[in-house]
Amino acid sequence: MSQPSRLRPLKLEELLRRNVWDVDEERHIEILRQDGLPQKALQLLCPMGCYSMAGDKLLMSYEGCVECGTCRVLSTPQQIRWEFPKSGRGIQYRYT
Amino acid sequence: MNKFDVVVVGAGPAGSTAAYLLAKAGLKVLLLERGRGAGSKLLWGGKAYAQPLRDVWPELDKEAPIHRWVTKERISVLWGERAITLEYKLGRRVAFTSPLTELAAWMARKAEAAGALFLDEVVVEEIVVKDGRVVGVRSGGDFVAADVVIDAEGANRLLLEKLGLADRPNPYHMAVAAKEVISLDPRLIEERFGLERDEGLSWLVLGDVTLGIPGGGFVYTMRDTISIGIVLNVGYGAEAAEKGVLRDHISRLLENFRTHPYFRHYWKEADVIEYGGRMTVEGGLRFAPKRLYANGLLVVGDAAGMLVNAGYTIRGVDTAVTSARVAAEAVLEARDKGGFTEENLRGYEERLRKSYVYKELVDHSGVAEIFGDPFFFSKVPPFLVRAASKVFEADYAEPTLLEALKTSAQEEEINMLRLMLKVGRVVRRI
Ligand SMILES: Cc1cc2nc3c(=O)[nH]c(=O)nc-3n(C[C@H](O)[C@H](O)[C@H](O)COP(=O)(O)OP(=O)(O)OC[C@H]3O[C@@H](n4cnc5c(N)ncnc54)[C@H](O)[C@@H]3O)c2cc1C
Ligand code: SF4
């Protein structure tokens, strides 16, 4: 543990704490059908880690979403309903 | 406010350029953006090639939020703790770094100053078609009529898909990036990277930063921040995840990159101040929609597939600006001809085909081939690094370069002839 904290890999939760969101009460992304979803790909490639497993089911938490569209490209409209958050809500990038 | 000459959807580089030029030419322009302010939904590497931007804004150098002029380009091949790095010192200032949040906000301000009406926090839900022509856009219950709509919605083409002009993209034509912004004193940036006050560096990293999955890592120096990121092809990344080759979250690859012994000294005491992700286009022309124009409609920027992913560099902003400039010229031409019919807007595609953007897209098709060939990411980096290690890490007499290459190829189970053929084919079109 002699390494200063900045030289050790930060956990995703720690990285997310750096950001600003204005979270909508309404969810803009929703799993409609579990069948055939690439579970591992969604968990590992969604940059914000919005997909996780609950038992054998995939769970989607829209709060940390940055609206990148990756999960959309990895699914069909029947599997995932995907919209942009309303009225400027969602991620508020500042220095990117 | 209900009737405009032009409605532009999306205040990214493409949308703001089109709105700026058309408002300046005296048209009544509405620029709509879903984010809070322009740029708040955008993230990139980031460097922009300046000349295509000066073609629109000659005052660019004085006014734009230019952080640093790129004077050093580096490419590294990394495998394990070993790395090979090539550095090129530029002789001229051609590209500058800036956060895209800032650059896009500046472009939207230019459009507003030229007379365009800018409305943010508006998600356009539909491009409305009536009797075979685009007549305006709809958001919530509101309809706004326009003589011509310019679609600058970026890579997530919800509107074009709804119109049937594009399909859901092929995952192998897309890449997802995770990026961090690291805050560092400008003087330390300059000292550590060997830069003068307004000079910057752009650095591409290939190899096991992506575990050999098609993609790469990048580093760009801004004025007082550093942008670092990992890009993965979505199709190959998903394959690797499902097969168990990729076991860690993409943010972990990025953190391993940031804390890698070869890199971490540059920013050792600096803090990460923002983390984000965005998707980009790798398919080039294969991502282009079925049509770039229709009755009352033009498609520009990423949405039109106007992004050059030349492996060592992504050029999406200058090409977005240029496609939008060409579109604006076509709109003015159509107006002079008497209306925004498909026939009158044809000049857009014709002009585009003559521009450098199209030439680049066609010429760099070899890059799409690289991204279609995982061999270049999983096999070539360890092979090169192994050969270098034989040359530089010999306790006694080192082998000749040719010997080192030959034995490394054997050890990595690479067929030299196949490698040469592939490299030859790609180099001609990179
Ligand atoms: C990781 C990464 C690194 C990159 N690095 C570089 C680089 O170093 N250099 C470079 O030149 N390019 C780079 N690019 C590419 C570059 O960012 C894009 O090509 C460029 O931003 C495209 O501009 P655009 O205006 O076409 O689209 P965008 O920039 O995507 O803008 C689209 C705008 O439209 C808005 N919008 C979308 N849909 C709607 C809707 N329905 N209603 C209202 N508004 C909407 C969005 O919020 C957004 O503001 C990079 C991209 C990524 C992802
Ligand atoms: S859009 Fe991007 S950030 Fe949002 S859930 Fe999908 S993959 Fe994650």
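Details of the structure are given in the entry above.
Residues numbered from 1 in each chain as written. Chains lettered and ligands numbered in written order. Predicted model: local features only at pLDDT ≥ 70, side-chain atom pairs only at ≥ 80, totals over all residues. Heavy atoms only, no water.

## Considering the overall build of chain B
And then number 1: Scanning chain B for helices and strands turns up 17 helices and 19 strands.
And then number 2: Dimensions of chain B, computed from the C-alpha atoms along their principal axes, are close to 80 × 45 × 40 Å.
And then number 3: For chain B, the proportion of its 430 residues judged to be buried stands at 60%.
And then number 4: In chain B, of all internal contacts separated by at least 6 residues, the share reaching a separation of at least 24 is 72%.
And then number 5: Where the 57 positive side-chain charges of chain B centre and where its 59 negative ones centre are 2 Å apart. (Helix = DSSP H or I, 4+ residues; strand = E, 2+ residues; numbered from the N terminus. Buried < 20%, exposed > 50% of the residue type's maximum accessible area, 1.4 Å probe, protein only. Contact = heavy atoms within 4.5 Å. Lys, Arg positive; Asp, Glu negative; His and termini not counted. Charge placed at Lys NZ, Arg CZ, Asp CG, Glu CD.)

## Details of the environment of B:Arg247
And then number 1: Mapped onto the elements of the fold, B:Arg247 is located in the loop between α7 (234-243) and α8 (250-258).
And then number 2: A polar atom in the side chain of B:Arg247 sits 3.4 Å from the backbone oxygen of B:Gly244. (Polar contact = N/O pair within 3.5 Å; in protein donor to acceptor, adjacent residues only side chain to side chain.)

## A word on the site of ligand 2
Residues and elements named next belong to chain A.
And then number 1: Within the structure, ligand 2 sits among 14 residues, and Cys46, Cys65, Cys68, Gly69 and Cys71 are positioned closest to it.
And then number 2: More than half of the atoms belonging to ligand 2 lie within 2 Å of the grid points that define the largest cavity.
And then number 3: Among the residues forming the shell around ligand 2, the class breakdown is 11 nonpolar, two polar and one charged. (Near = heavy atom within 4 Å. 1 Å grid on protein atoms, 1.4 Å probe; cavity = no way out; pocket = protein on both sides within 12 Å on 5 of 7 lines; lining within 4 Å. Sits in = over half its atoms within 2 Å of the grid points. Nonpolar A, V, L, I, M, F, W, Y, C, P; charged D, E, K, R; others polar.)

## Things to note about empty space enclosed by the protein
All names here are of chain A.
And then number 1: In the structure shown here, the tally under the stated rule is two cavities of 30 Å³ or more.
And then number 2: Within this model, the largest cavity holds a volume of roughly 90 Å³.
And then number 3: Taken together, 15 residues form the lining of the largest cavity, with Cys46, Pro47, Cys65, Cys68 and Cys71 sitting closest to its centre.
And then number 4: By residue class, the composition of the lining of the largest cavity is 12 nonpolar, two polar and one charged. (Points joined across faces, edges and corners; volume = space filled by probe spheres on them.)

## Overview of the site of ligand 1
And then number 1: Taken together, 36 residues surround ligand 1, and among them B:Ala14, B:Glu33, B:Lys47, B:Arg278 and B:Asp302 come closest.
And then number 2: Chain contributions to the surroundings of ligand 1 come from chains A and B.
And then number 3: Measuring from an oxygen atom of ligand 1, one finds a backbone N or O atom of B:Pro13 at 3.2 Å.
And then number 4: The contact in question runs from a nitrogen atom of ligand 1 to an N or O atom on the backbone of B:Val124, over 2.9 Å.
And then number 5: Taking 1,000 Å² as the accessible area of ligand 1 by itself, protein coverage stands at 98%.
And then number 6: Contributions of two or more residues to the shell around ligand 1 are made by α1 (13-24), β15 (271-281), β19 (314-315) and α9 (317-337) of chain B.
And then number 7: For the shell around ligand 1, the leading source of residues is β15(B), giving three residues.
And then number 8: Partitioning the shell around ligand 1 into residue classes produces 20 nonpolar, eight polar and eight charged. (Areas by Shrake-Rupley, 256 points an atom, 1.4 Å probe, with all protein chains shown as cover.)

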